[in-house]
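Here is how the chains run, residue by residue.
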Amino acid sequence: MHYRLALSLSASRYEHLLERGWRRFGRTLFRPICGTCRECRGLRIDIAAFRPSKSQRRARNRNAELQLTVQAPTVTDEHIALYNAYHRDMSRRRDWPYHEMTRDHYEESFLDGEFSFSREFQYRLNDRLVALGIVDMTGQAMSSIYFIHDPSLRDQSPGTMSVLREVEVGQKTGHRWLYMGYYIRDCPSMNYKNRFQPHQILNNYVADDEPAVWQPPE
């Protein structure tokens, strides 16, 4: 990976970087830099043209009772409990390394820095926080950064639901693209992204002063 650190970013500058395959997590910007491998491909959904498949509509319906609020990122005891519950579950099921999240670490990871475009998608059931997404929203683009959910929702396809809700918000606000990060064809945890259509794939990672070429999948 190639890394950059940023304490602040304007929305226009961030859009420029997203278009060239950069991702943001907290104050860190990153993208692949492998010289002989091009398996990690940037993928973005065409928000205006998107139409959910039958299975995606079922996932949306299974989660219809979840109430969504979009707001500036925050941190509460609920956030920390949800984060730790999700990661404990992933540690048991997928052998993810588990480290207890603290309030200070959460603030450093998700709230630190001057990023006025950062948003929090809160999903509540009976007023209880059961899922949470971190999404950047500039004038034209949205970037899906992180999503966690209560383990009890696992059989309801909450990940699919979260993408559908983000697209629906983008359609209402007139955003053009939802950047989904990196698509890896042979990686089960990363290749689900191509199920959201229509979408485009970044042809190559270029310098800041070079044009980026996005194309429909072959």
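Our structure's up above, just so we're on the same page.
Let me begin by describing the structure that accompanies this report. (Residues numbered from 1 in each chain as written. Predicted model: local features only at pLDDT ≥ 70, side-chain atom pairs only at ≥ 80, totals over all residues. Heavy atoms only, no water.)

## Some remarks on the pairing of strand β4 (residues 41-46)
Of all the six residues making up β4, five are buried; the element is thus mostly covered by neighbouring parts of the structure. Where β4 and strand β10 (residues 199-202) come together, three bridges link them in antiparallel fashion. What sits directly across from I45, in β10, is H199. (Buried < 20%, exposed > 50% of the residue type's maximum accessible area, 1.4 Å probe, protein only. Helix = DSSP H or I, 4+ residues; strand = E, 2+ residues; numbered from the N terminus. Pairing = 2+ DSSP bridges.)

## Topic: the packing of aromatic side chains
Under the defined criterion, the tally for this structure stands at 15 aromatic pairs. Judged by centre distance (5.3 Å) and plane angle (65°), the rings of F25 and F110 are edge-to-face. Taken together, the positions of F25 in strand β2 (residues 23-25) and F110 in helix α4 (residues 103-111) put the pair 85 residues apart, joining distant regions of the chain. Judged by its relative accessible area of 31%, F25 is partly exposed. Take F110: its relative accessible area is 8%, and that puts it in the buried class. A connected cluster of aromatic rings, assembled from ring pairs, spans F25, Y83, Y106, F110 and Y146. Here the basic side chain of R24 rests over the ring of F115, its NZ or CZ set 4.3 Å away from the ring centre. The residue whose ring lies beneath R176 is W177, and the NZ or CZ to ring-centre distance is 4.3 Å. (Phe/Tyr/Trp six-rings, centres within 6.5 Å; stacked < 30°, edge-to-face > 60°. Lys NZ or Arg CZ within 6 Å of the ring centre and 35° of its normal.)

## Quick word on the state of the cysteines
One pass over the full model with this rule turns up zero disulfides. Left unpaired, C40 is separated from the closest cysteine sulfur, that of C37, by 6.3 Å. (Disulfide = S-S within 2.5 Å.)

## Describing the pattern of salt bridges
Following the criterion strictly, the structure yields 15 salt bridges and no others. When the shortest N-O distance is used, the salt bridge between D89 and R93 registers 3.0 Å. Taken as a pair, D89 and R93 lie in helix α3 (residues 77-94) at a separation of four residues, close to a single helical turn. You can call R93 partly exposed: its relative accessible area is 35%. (Salt bridge = Lys/Arg side-chain N within 4 Å of Asp/Glu carboxyl O.)

Limitation: the analysis is restricted to geometry and does not speak to function.
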